[in-house]
Amino acid sequence: MTLPEKIITARRTLGLTQEELALRAQLSVRTIQRIENGQSIPRMYTLRAIAKALNVPYDEIDSTPPDNVSGTMDQSDTTHFLRILCLSYFSYLVIPYVHFLIAQNMLRKEKRLNGPALSFARGMVRTQIRWVVLFHTGLLVTLAMNFFLQKYGNGTIIVNYLWVVFVAYIMNFLTITGYFFRIKAVTGLKMGI
């Protein structure tokens, strides 16, 4: 029985309308309608609120697929997720200041990573945060050097900011590429790109 069928059956057993269930669960009627129509997959807290409102144990209507009882990803899913996560870091080419937030959000939403893969993914996020800090530090140091050289030097030797940007971008490209090829060591799968 699917999740929508379980909710509809439990709701009808209690003789509740969708509106009454929504009121009991403190959710919108539209949310209940979408879940019952199969248009939306509820989050865990929404599902818990519905279960409580229906006086049904959460485990009876939980929608976790039975083939993955442990709640963790298999090796190929882990590899795929880590590759996508790693490739998302290339967004630094477009938004260099907050690009790591994309991957951090992806990581926060994925609850099924196992220990080594989760540590690896968090390490990638930390590395990108460090890159942003170092990138900005490099720009500030360049600004200070240029100011110092202009004020106290002869003013002819000025460090170009493009060199700082170029070096930082190349270093981050190499770092992300290195992480991408280290994924196989974390997941234990061969690289079948």
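Structure shown above.
Residues numbered from 1 in each chain as written. Predicted model: local features only at pLDDT ≥ 70, side-chain atom pairs only at ≥ 80, totals over all residues. Heavy atoms only, no water.

Enquirer: Sorry, what's going on with the overall build of the protein here?
Expert: In terms of helices and strands, the protein carries nine helices and zero strands. Starting at the N terminus, the α and β elements of the protein follow one another as α-α-α-α-α-α-α-α-α. Computed over the C-alpha atoms, the radius of gyration of the protein is 25 Å, more than 25% above the 16 Å expected from 2.2 N^0.38 for a compact globule of 193 residues. In terms of principal-axis extent, the alpha carbons of the protein reach across some 85 × 40 × 20 Å. In the protein, once contacts between residues fewer than 6 apart in sequence are set aside, the share between residues at least 24 apart is 62%. (Helix = DSSP H or I, 4+ residues; strand = E, 2+ residues; numbered from the N terminus. Rg over C-alpha atoms; globule rule 2.2 N^0.38 Å. Contact = heavy atoms within 4.5 Å.)

Enquirer: I'm lost on the packing of helix H6 (residues 75-88) against helix H8 (residues 115-152) in this one. Help?
Expert: Helix packing for two helices is described by the angle between their axes and how far apart those axes are. Running from N to C, H6 and H8 cross one another at 5 degrees; their axes reach a closest spacing of 11 Å. Relative to H8, H6 is oriented roughly parallel. Mapping the contact onto sequence places Thr 78, Leu 82, Leu 85 and Cys 86 in H6 and Ala 117, Phe 120, Ala 121 and Met 124 in H8. Among the residues forming the contact of H6 with H8, the class breakdown is seven nonpolar, one polar and no charged. (Axes fitted to C-alpha atoms, helices over the stretch in contact; angles between N-to-C directions. Parallel < 35°, antiparallel > 145°, perpendicular 65-115°, else oblique. Nonpolar A, V, L, I, M, F, W, Y, C, P; charged D, E, K, R; others polar.)

Enquirer: Got a minute to help me understand unusual backbone geometry in this structure?
Expert: For residues other than glycine, phi is negative in most cases, and the peptide bonds are mostly trans. Not every positive phi belongs to a glycine, and Gln 26 is a case in point at roughly 60 degrees. Take Gln 26: it is sitting in the loop between helix H2 (18-25) and helix H3 (29-37).

Enquirer: Is there a simple way to think about H3 in this case?
Expert: Since the α-helix advances by 3.6 residues per turn, residues separated by three or four positions end up pointing in the same direction. Looking at H3, one finds that the buried residues are Ile 32, Ile 35 and Glu 36. Projection of H3 onto a plane perpendicular to its axis shows the buried side chains occupying an angular sector of 95 degrees, all on one side. Count one or two residues on from H3 and you reach Gly 38, which has phi positive near 80 degrees. (Buried < 20%, exposed > 50% of the residue type's maximum accessible area, 1.4 Å probe, protein only. Arc of directions from axis to C-beta.)

Enquirer: How do you make sense of the packing of aromatic side chains when you look at a structure like this?
Expert: Each aromatic ring pair is summarised here by two numbers: the centre-to-centre distance and the angle between the ring planes. Applying the stated criterion across every chain yields a total of 11 aromatic pairs. Both rings, one in Phe 148 and one in Tyr 152, keep their centres 5.2 Å apart while their planes meet at 45 degrees; by these two values the pair is tilted. One end of the pair, Phe 148, and the other, Tyr 152, are both in helix H8, four residues apart, so they sit about a helical turn from each other. Residue classification places Phe 148 among the partly exposed residues on the basis of a relative accessible area of 49%. Residue class for Tyr 152 comes out exposed when judged on its relative accessible area of 57%. For the pair Trp 163 and Phe 166, a centre-to-centre distance of 6.3 Å together with 90 degrees between the ring planes defines the contact as edge-to-face. Taken together, the residues Trp 163 and Phe 166, both in helix H9 (residues 161-187) and three residues apart, mark about one turn of the helix. Residue classification places Trp 163 among the exposed residues on the basis of a relative accessible area of 60%. (Phe/Tyr/Trp six-rings, centres within 6.5 Å; stacked < 30°, edge-to-face > 60°.)

Enquirer: Can you help me understand the nonpolar core in this one?
Expert: Formed by 26 residues in total, the largest nonpolar core has its most connected members in Leu 82, Leu 85, Cys 86, Tyr 89, Met 124 and Trp 131. Elements with a minimum of two residues in this core: H6, helix H7 (100-109), H8 and H9. With nine residues, H8 is the largest single contributor of residues to this core. For Tyr 89, the residues in contact, after removing those within four places along its chain, are His 99, Phe 100, Ala 103, Ala 121, Met 124, Val 125, Gln 128 and Ile 176. One finds Ala 10, Leu 16, Ile 35 and Val 56 within the second-largest nonpolar core, a separate group that totals 17 residues. (Core = buried A, V, L, I, M, F, W, Y, C linked by side-chain atoms within 4.5 Å.)

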